[in-house]
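# Structural overview
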Amino acid sequence: MKIRSDIVKVYKNVHIWVGIVAGLMLFIAFYAGAITMFEKPLERWATPPSVLSAPPPLARTPELIAAVLAAHPEAAKAYSVVIEPTPELPARVVWRVRGENRRQSVDYGASFAADGSLQVERLHRARVAQFIDALHQSFGLPFPGAVARPLMGIVALLYAMALVSGTIILLPTFAADFFALRIGRSIKRLWLDVHDALGVVSLPFHLIMALTCVVFAFHDPFYAAQARVVYPHGIHWHEDAPAAAPPAQWLPAFATSVAA
Amino acid sequence: MSAGRLQSRHWFGKTCAGALLGFGLALATSGLFAWLGPGGVVAGDGKVQFVMWLVAPIWTGVLSCVFLFRDSRRAWLWLAAADAIAFGLLTLARRTLG
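Residues numbered from 1 in each chain as written. Chains lettered and ligands numbered in written order. Predicted model: local features only at pLDDT ≥ 70, side-chain atom pairs only at ≥ 80, totals over all residues. Heavy atoms only, no water.

## What to know about the state of the cysteines
Just so we agree on the cut-off: A pair of cysteine sulfur atoms is labelled a disulfide when the two atoms are within 2.5 Å.
According to the stated counting rule, one finds zero disulfides over all chains in the structure shown. This cysteine, Cys213(A), is not joined by any disulfide, and Cys65(B) carries the nearest cysteine sulfur, 20 Å off. As a non-bridged cysteine, Cys65(B) has Cys16(B) as the owner of its nearest cysteine sulfur, 17 Å distant.

Spelled out as structure tokens, the structure:
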């Protein structure tokens, strides 16, 4: 494909300067974003193991629930019976005490000690997931969301510009460069070939990431502007957001099991 | 260097034009889709979301292509003209269909 050489030169400059301005922050966001794939294993690794005794057999569950409710009546509001306890959910019976908001609620688990007495443990989870999320979503900047989010949105706009300019630069020599990995002559050439190949192969994913990041950062202003300019009576959502479903591995306990 | 050659100059003005007028263009174009696209302006929540999503590719597209203008003045003038046409059509659509 032919593109005028002066256009390619201008976009080469754009690509370079976007890289200089936004490259470091994009690197942090990419790296932390890749690590979020391993959020759960990392959380499991960073969380100290439970000190509760092994969960009693399922048949003794009503007994355990009765003991829990006798000692902690507040658990009656929302407790769950775990059929197959896991390292993340190490107790047969767990319950949640709500705080001021969702982040402040505390989870407890219960078991029977060797002598048959009730054992209760506060279930901790290492805060590694929140840390990685903060790094991914706002580069770990120590600003409130209202400041960090637009900054991240501007970086996402620069990211999109980098994708367009990089594609324009590569198009004229695409057929020659794409399958080339020139090892030996010049280290710079080698890394440029790697950069080009990685960039082309992952371009669809990069486009999705850039556009979703722009929307993630700016959807509120987008909606606000469209409510004023596009829609005659503003935006009114018809469907209420569905209530958050409980985690799949928690089975809801029924009142009848307490009576049993 | 002939006068017709594109140069890496006026980046501040071009970028500002792309960011501001590009956003206006994205807003008006997404609005046109909201009114003239399938189902019209009352097509429901899914379309409201889609129309919001349209802003991102149009805005970033304009912002990326703004360096093709020869200077900052041309960028502002052409984009302002495009904005005026798009908002004019949007107003027309709102008047006739609303």
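## A word on the packing of helix α5 (residues 145-170) of chain A against helix α8 (residues 203-229) of chain A
A pair of packed helices is captured by two measures, namely the crossing angle of their axes and the spacing between those axes. Residue and element names in this part refer to chain A. So the rule is basically this: Axes here mean lines fitted to C-alpha atoms, for a helix over just the part in contact, with angles spanning 0 to 180 degrees between N-to-C directions. Helix and strand definitions follow DSSP, with helices as H or I runs of at least four residues and strands as E runs of at least two, each counted in order from the N terminus. Any angle that is under 35 degrees is reported as roughly parallel, and any over 145 degrees as roughly antiparallel; angles of 65 to 115 degrees are reported as roughly perpendicular and all others as oblique. Should the near helix be turned counterclockwise from the far one by less than a right angle, the crossing is left-handed, whereas a clockwise turn marks it as right-handed. Contact between two residues is taken to exist if any of their heavy atoms lie within 4.5 Å; hydrogens are not considered. Note on residue classes: Ala, Val, Leu, Ile, Met, Phe, Trp, Tyr, Cys and Pro are nonpolar, Asp, Glu, Lys and Arg are charged, and everything else, Gly too, is polar.
Remark: α5 packs on α8, axes separated minimally by 8 Å, with the N-to-C direction vectors making an angle of 155 degrees. Between α5 and α8, the angle is such that the two are roughly antiparallel. Once α5 is placed against α8, the crossing between them reads as left-handed. Between α5 and α8, the contacting residues are Arg149, Pro150, Met152, Gly153, Ile154, Ala156, Leu157, Tyr159, Ala160, Leu163 and Thr167 on the first element and Leu203, His206, Leu207, Met209, Ala210, Cys213, Val214, Phe216, Ala217 and Phe218 on the second. Here the residues of the contact of α5 with α8 sort into 17 nonpolar, three polar and one charged.

## Considerations on the interface of chain B and chain A
Inclusion rule: By definition, the buried area sums, over both parts, the 1.4 Å-probe accessible area that each loses when the two are put together. Here, a salt bridge means any side-chain nitrogen of Lys or Arg that lies within 4 Å of a carboxyl oxygen of Asp or Glu. Counting of polar contacts relies on pairs of N or O atoms within 3.5 Å, with two restrictions inside protein: one atom must be capable of donating a hydrogen and the other of accepting it, and residues adjacent in sequence are counted only when both atoms are side-chain atoms.
Counting residues at the interface gives 33 residues for chain B, matched by 33 residues for chain A. Taken together, both faces of the contact between chain B and chain A bury some 3000 Å²; the carbon and sulfur share is 73%. Taken together, chain B and chain A are joined by one salt bridge. Seen at the junction of chain B and chain A, the total is eight residue pairs in polar contact (both at pLDDT 80 or more). Of all the elements, helix α2 (residues 45-65) of chain B adds the most residues to the side of chain B that touches chain A, at 14 residues. Residue classes in the side of chain B that touches chain A are distributed as 22 nonpolar, eight polar and three charged.

## Some words on the confidence of the model for chain A
All names here are of chain A. The line we're drawing: Summary of the metric used: pLDDT quantifies the predictor's per-residue confidence within the range 0 to 100.
Per-residue confidence for chain A gives a mean pLDDT of 85, with 91% of residues at or over 70. When pLDDT is averaged over each helix and strand of chain A, the minimum, 41, is found for helix α9 (residues 255-259) and the maximum, 95, for α8. Here residues 248-260 scores under 50 on pLDDT; set against residues more than four positions off or in separate chains, the count is 19 contacts.

## Describing the packing of aromatic side chains
To keep it simple, the criterion reads: Pairing of aromatic side chains here covers Phe, Tyr and the six-membered ring of Trp, requires ring centres within 6.5 Å, and sorts the geometry by plane angle: under 30 degrees stacked, over 60 edge-to-face, intermediate tilted. Only protein chains enter the calculation, and the probe is 1.4 Å; a residue is then buried if its accessible area is under 20% of its type maximum, exposed if over 50%, and partly exposed in between. Criterion for a charge above a ring: Arg CZ or Lys NZ at most 6 Å from the ring centre, at most 35 degrees from the ring normal.
Counted by the stated rule, this structure contains twelve aromatic pairs over all chains. Taking 5.7 Å as the distance between ring centres and 20 degrees as the angle between the ring planes, the aromatic pair formed by Trp95(A) and Tyr108(A) counts as stacked. Of this pair, Trp95(A) sits in strand β2 (residues 93-97) while Tyr108(A) sits in strand β3 (residues 106-112), placing them 13 residues apart in sequence. By relative accessible area, which is 1% here, Trp95(A) ends up buried. Taken together, the aromatic side chains of Phe218(A), Phe222(A), Phe23(B) and Trp59(B) make up a single cluster linked through ring pairs. A cation over a ring is seen here: Lys47(B) above Phe33(B), with NZ or CZ 5.1 Å from the ring centre.

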